[in-house]
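Now for the letters of each chain:
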Amino acid sequence: MTVPELEIHKKTDQINSFEYENAVILPRITGVRAEEPMWGLGGVCNQEGNFVDSSAYDGGWATYGGPYLWNEEEEEYLEEEVIYFGMFFKHWGHFLVDLIGRMWYPVCSAKYSQNMKVAYLGEEKPDQNHLEFFQLLGINEKQLIHVTKPMRCRKVIVPEIAFRSCMWYTEEALQMFRYIINHVSKNEDLHKKYGKVKKIYFSRTQFGKAQNSEFGEEMLEYIFEQNGYTSIAPEKLSLSEQVYLWNHAENIACVNGTIPLNVAFCANSNLKLTVLNKTSIFHGNPYLFLKMQKVKARFVDVYKEPFKKYPKSLGEGPFLMTITKEFVSWMGEEDMRLPYRAREIQIRTVKNQIKYCFAILGITRKIRMLLSKMCPDKMKQIARKIRGIH
């Protein structure tokens, strides 16, 4: 893979937060303008009704925020000091890269108080690891305010964004992540559970979306397991468990995508990190966090792309992975053994290529739709029980 040169740097200027008395937080809406930000309009307007530009977000590819007309009679009033979080939705990669950039404020600002609320936009509410992120910063669930209609607040605090992917970061961004790392790293319960786990392969083979769009990882996973790595599905862990493992493991390997973004929570500069590229499409997001935390990573190509137009994008896929010459060469450098015979690799690769082609043609999805129409409801219920879906 050709890797473009990224000039990532640390900003030396201290970032600011801006306070607005009697300001309004507008909820997210879409479809108001012919051209609008990717994730819609919304944000903060001051007492005079002027939009606060710093409440919008421009991450290059991803954008949100902007003013629109609202009915003042429909406003809710909140007699609170509110920290503006911005857009929220449940996607761990975007959460880390695009959504949490204002959360340095509870860690770095002397003005922060647990009496303050944190207001977010969007249709979804934080739960599981997204909620735990806030909790690890000392923000409890009762402090979170979901803005679903125009909300006028006694005071709204709009922190500036602390980092921008592929470009720059600030000391405040580093302190935000380090605060969580320090909170988790000395946890005795986690040490008892994971203290002996030193070589980890973070797997996507059990992740629902990946099962239908990523093919061939199971071969790579088996190779790591046969060479002393413990395979772990990160989506089944709490955030605290993942942070602990990233800071106490000696070796971590994973497929490129969302998983290596968790290096943002890694203060272990001695970590030996291997990232397996599942596509020739460049993924720049991990590089900012690698630079910020001073972690070095080795990127190894494991992709096979027989068709020019696929994968469609980093998020959509589909992806075909295999045991490439580059991967075998890397194994030699690491003194790892290959537990497959050449014939077995060929057979497994052909099977994965068929699944890959099915995914491109949408055959599996079409078969499921056809069976769904043909099967009576009772049969569907039995099938769901067999598959362990409730």
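Residues numbered from 1 in each chain as written. Predicted model: local features only at pLDDT ≥ 70, side-chain atom pairs only at ≥ 80, totals over all residues. Heavy atoms only, no water.

### Comments concerning the overall build of the protein chain
Reasoning step 1: Per the secondary structure count, the protein chain includes 13 helices and 18 strands.
Reasoning step 2: Taking 390 residues into account, the globule formula puts the C-alpha radius of gyration at 21 Å, and the protein chain, at 23 Å, falls close to it.
Reasoning step 3: Oriented by its inertia axes, the alpha-carbon framework of the protein chain measures out at about 70 × 55 × 40 Å.
Reasoning step 4: Within the protein chain, buried positions represent 49% of all 390 residues.
Reasoning step 5: In the protein chain, 75% of the contacts between residues at least 6 apart in sequence involve partners at least 24 apart. (Helix = DSSP H or I, 4+ residues; strand = E, 2+ residues; numbered from the N terminus. Rg over C-alpha atoms; globule rule 2.2 N^0.38 Å. Buried < 20%, exposed > 50% of the residue type's maximum accessible area, 1.4 Å probe, protein only. Contact = heavy atoms within 4.5 Å.)

### Thoughts on helix 11 (residues 342-361)
Reasoning step 1: Taking 1.5 Å per residue, 20 residues should reach 28 Å; helix 11 reaches 29 Å between its end C-alpha atoms and fits that length.
Reasoning step 2: Those residues of helix 11 that sit buried are Ile-345, Thr-349, Asn-352 and Tyr-356. The arc that holds every buried residue of helix 11, seen down its axis, measures 70 degrees, which confines them to one face. What points out from helix 11, more than 90 degrees from its buried face, is the exposed set Arg-343, Lys-351 and Leu-361.
Reasoning step 3: Taken together, the buried residues of helix 11 touch strand 13 (214-215), helix 7 (217-225) and strand 18 (319-320).
Reasoning step 4: Looking one or two residues past helix 11, Gly-362 carries a phi angle of roughly 75 degrees, positive in sign. (Expected span 1.5 Å × (residues − 1). Arc of directions from axis to C-beta.)

### Observations regarding the pattern of salt bridges
Reasoning step 1: Taken as a whole, this structure holds 16 salt bridges when the rule is applied.
Reasoning step 2: The partner of Glu-75 in a salt bridge is Arg-152, and the shortest N-O contact between them spans 2.8 Å. Residue Glu-75 is located in the loop between strand 5 (63-64) and strand 6 (76-87), and its partner Arg-152 is located in strand 9 (residues 151-159); the two are separated by 77 residues in the primary sequence.
Reasoning step 3: A relative accessible area of 12% places Arg-152 in the buried class.
Reasoning step 4: With a shortest N-O distance of 3.4 Å, Glu-344 and Arg-348 are connected by a salt bridge. In this pair, Glu-344 and Arg-348 are both assigned in helix 11, four residues apart and thus about one turn of the helix distant.
Reasoning step 5: Among the charged side chains, a network of salt bridges with common partners joins Glu-19, Glu-21, Glu-81, Lys-111 and Lys-155. (Salt bridge = Lys/Arg side-chain N within 4 Å of Asp/Glu carboxyl O.)

### Considering unusual backbone geometry
Reasoning step 1: At the junction of Tyr-310 and Pro-311, the peptide bond is cis and its omega measures out at 0 degrees in the coordinates.
Reasoning step 2: Examined against the element boundaries, Pro-311 turns out to sit in the loop between strand 17 (297-301) and strand 18.
Reasoning step 3: The omega angle of the peptide bond from Gly-317 to Pro-318 is -5 degrees, so this bond is cis rather than trans.
Reasoning step 4: At Gln-128, a residue that is not glycine, the phi angle is positive and equals roughly 50 degrees.
Reasoning step 5: Within the fold, Gln-128 resides in helix 3 (residues 128-136).
Reasoning step 6: Located in the positive-phi region is Lys-294, a residue other than glycine, with phi close to 60 degrees.
Reasoning step 7: As for its placement among the helices and strands, Lys-294 is situated in the loop between helix 9 (285-293) and strand 17.

### Concerning the pairing of strand 15 (residues 251-255)
Reasoning step 1: Burial analysis of strand 15 places five of its five residues in the buried class, which makes it a mostly covered element.
Reasoning step 2: Burial of strand 15 is two-sided: the residues Asn-251, Ala-253 and Val-255 facing one way and the residues Ile-252 and Cys-254 facing the other way are all buried.
Reasoning step 3: Bridge count for strand 12 (residues 199-202) against strand 15 is four bridges, and the pairing is parallel. The residue bridging Phe-202 from the neighbouring strand is Cys-254, located in strand 15.
Reasoning step 4: Pairing of strand 15 with strand 16 (residues 272-277), which is carried by five bridges, proceeds in the parallel orientation. Note that in strand 16 the partner of Ala-253 across the bridge is Thr-274. (Pairing = 2+ DSSP bridges.)

### Quick notes on a nonpolar patch on the surface
Reasoning step 1: Together, Val-350, Ile-354 and Phe-358 make up an exposed nonpolar region whose accessible area comes to about 250 Å².
Reasoning step 2: Examined against the element boundaries, Phe-358 turns out to sit in helix 11. (Patch = residues over 30% accessible without salt bridge, like charges linked within 9 Å, V, L, I, M, F, W, Y side chains within 5 Å. Areas by Shrake-Rupley, 256 points an atom, 1.4 Å probe, with all protein chains shown as cover.)

### What about helix 3?
Reasoning step 1: In terms of burial, helix 3 is largely enclosed, as seven of its nine residues are buried.
Reasoning step 2: Buried residues of helix 3: Asn-129, His-130, Leu-131, Glu-132, Phe-133, Phe-134 and Leu-136, and no others.
Reasoning step 3: Looking at the buried residues of helix 3, the elements they touch are strand 6, helix 1 (92-99), strand 7 (117-121), strand 8 (144-146), helix 4 (171-185) and helix 8 (239-248).
Reasoning step 4: Count one or two residues on from helix 3 and you reach Gly-138, which has phi positive near 90 degrees.

### A short note on the confidence of the model for the protein chain
Reasoning step 1: With 92% of its residues at a pLDDT of 70 or more, the protein chain has an overall mean of 92.
Reasoning step 2: For residues 384-390, every residue scores under 50 in pLDDT, and the model assigns this stretch two contacts once sequence neighbours within four places are set aside. (pLDDT = per-residue confidence, 0-100.)

### Quick word on the sheet that holds strand 15
Reasoning step 1: Taken together, five strands build an open sheet; the order of strands is 14-12-15-16-17 and the sheet is parallel. Both edges of this open sheet fall to strand 14 (230-232) and strand 17, since each of them pairs with a single strand only. Strand after strand, the sheet turns through a mean of 20 degrees between neighbouring axes, direction not considered.
Reasoning step 2: Examined bridge by bridge, strand 16 and strand 17 share five bridges and lie parallel to one another. (Axes fitted to C-alpha atoms, helices over the stretch in contact; angles between N-to-C directions.)

### Things to note about the packing of aromatic side chains
Reasoning step 1: Counted under the stated rule, the structure contains 24 aromatic pairs.
Reasoning step 2: Seen in terms of ring centroids, Phe-224 and Tyr-229 are 5.0 Å apart; in terms of plane orientation they differ by 80 degrees. Their pairing is edge-to-face.
Reasoning step 3: The rings of Phe-85, Phe-88, Trp-92, Phe-95, Tyr-120, Phe-133 and Phe-134 are connected pair by pair, giving a single aromatic cluster.
Reasoning step 4: The ring of Trp-168 has Lys-11 sitting right over it, with the charged end atom 3.8 Å from the ring centre.
Reasoning step 5: Above the face of the Phe-319 ring, Lys-278 is positioned so that its terminal group lies 4.5 Å from the ring centre. (Phe/Tyr/Trp six-rings, centres within 6.5 Å; stacked < 30°, edge-to-face > 60°. Lys NZ or Arg CZ within 6 Å of the ring centre and 35° of its normal.)

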